[in-house]
Amino acid sequence: MNLPWTSHYDPDVPLEVESATASLPQILLQAAARSPQAPALAFFGRRITYGQREDQTARLAQRLKRLGLAQGERLAILLPNSPQLVVAYHAALRLGAVVVFLNPLLGPKELAFQLADSAKRWSSPTL
């Protein structure tokens, strides 16, 4: 198969990767344990390591749990693309919550609609 975009890959980027068998929270915990000083995020010239991201994620997950966020519940996140959004997302996933991203540029009516819509419970289709 011809994959023309691969000519733009850095030399150390593999053309194929194995499927993950762990969840994203597990993969990130492993990355933080394996390489805590490795950069995980870069934002406006500032780098956040896997260790720092793990610490922030763990602390926020504990706080959200104390506030009552439980597995399967929805957490609306109203943040711009930022490290804080990444940490909030990972903390919610760690607790098994469902994340509802909200666009901070939406007005009150649009936000109210999205929040009401996200609260609806849909059943999974039968496969």
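Remember, predicted model here, so these are calculated numbers, not experimental data. (Residues numbered from 1 in each chain as written. Predicted model: local features only at pLDDT ≥ 70, side-chain atom pairs only at ≥ 80, totals over all residues. Heavy atoms only, no water.)

**Here we look at the pattern of salt bridges**
Tallied over the entire structure, the rule returns three salt bridges. Between Glu 54 and Arg 53 there is a salt bridge; the shortest N-O distance is 3.7 Å. The closest approach of N and O atoms between Asp 55 and Arg 59, which form a salt bridge, is 3.1 Å. Residue Asp 55 and its partner Arg 59 are both found in helix 2 (residues 50–66); the two are separated by four residues, about one turn of the helix. For Asp 55, a relative accessible area of 41% puts it in the partly exposed group. (Salt bridge = Lys/Arg side-chain N within 4 Å of Asp/Glu carboxyl O. Helix = DSSP H or I, 4+ residues; strand = E, 2+ residues; numbered from the N terminus. Buried < 20%, exposed > 50% of the residue type's maximum accessible area, 1.4 Å probe, protein only.)

**Details of the nonpolar core**
Ala 61, Leu 64, Leu 69, Leu 75, Ile 77, Leu 85, Ala 88, Ala 91, Ala 92, Leu 95, Ala 97 and Val 99 form the largest nonpolar core, which has twelve residues in total. If you list the elements that add at least two residues to this core, you get helix 2, strand 3 (74–77) and helix 3 (83–94). With four residues, helix 3 is the single largest residue contributor to this core. Filtering out sequence-adjacent residues up to four positions away, Ile 77 remains in contact with Leu 85, Ala 88, Tyr 89, Val 99, Val 100, Phe 101 and Leu 102. (Core = buried A, V, L, I, M, F, W, Y, C linked by side-chain atoms within 4.5 Å. Contact = heavy atoms within 4.5 Å.)

**Quick look at unusual backbone geometry**
A positive phi angle, near 50°, is found at Phe 44, a position not held by glycine. Mapped onto the elements of the fold, Phe 44 is located in the loop between strand 1 (39–43) and strand 2 (46–49). Look at Phe 44 and you get exposed, because its relative accessible area is 78%.

**Quick word on the pairing of strand 1**
Bridging between strand 1 and strand 2 involves four bridges; their strand directions are antiparallel. Note that in strand 2 the partner of Leu 41 across the bridge is Ile 48. Taking the residues between adjacent antiparallel strands as the criterion, strand 1 and strand 2 are bridged by two residues, where Phe 44 takes a positive phi near 50°. (Pairing = 2+ DSSP bridges.)

**Quick word on the pairing of strand 4 (residues 98–101)**
Examined bridge by bridge, strand 3 and strand 4 share four bridges and lie parallel to one another. Looking across to strand 4, one finds that Ile 77 is bridged to Phe 101. The parallel pair strand 3 and strand 4 is bridged by helix 3, and the resulting crossover is right-handed. (Right-handed = clockwise from strand over helix to strand, strands pointing away.)

**Some words on the confidence of the model for the chain**
Overall, the prediction assigns the chain a mean pLDDT of 91, with 94% of residues at 70 or greater. Within the model, the stretch residues 122–127 combines pLDDT values under 50 with one contact to residues more than four positions away or in other chains. (pLDDT = per-residue confidence, 0-100.)

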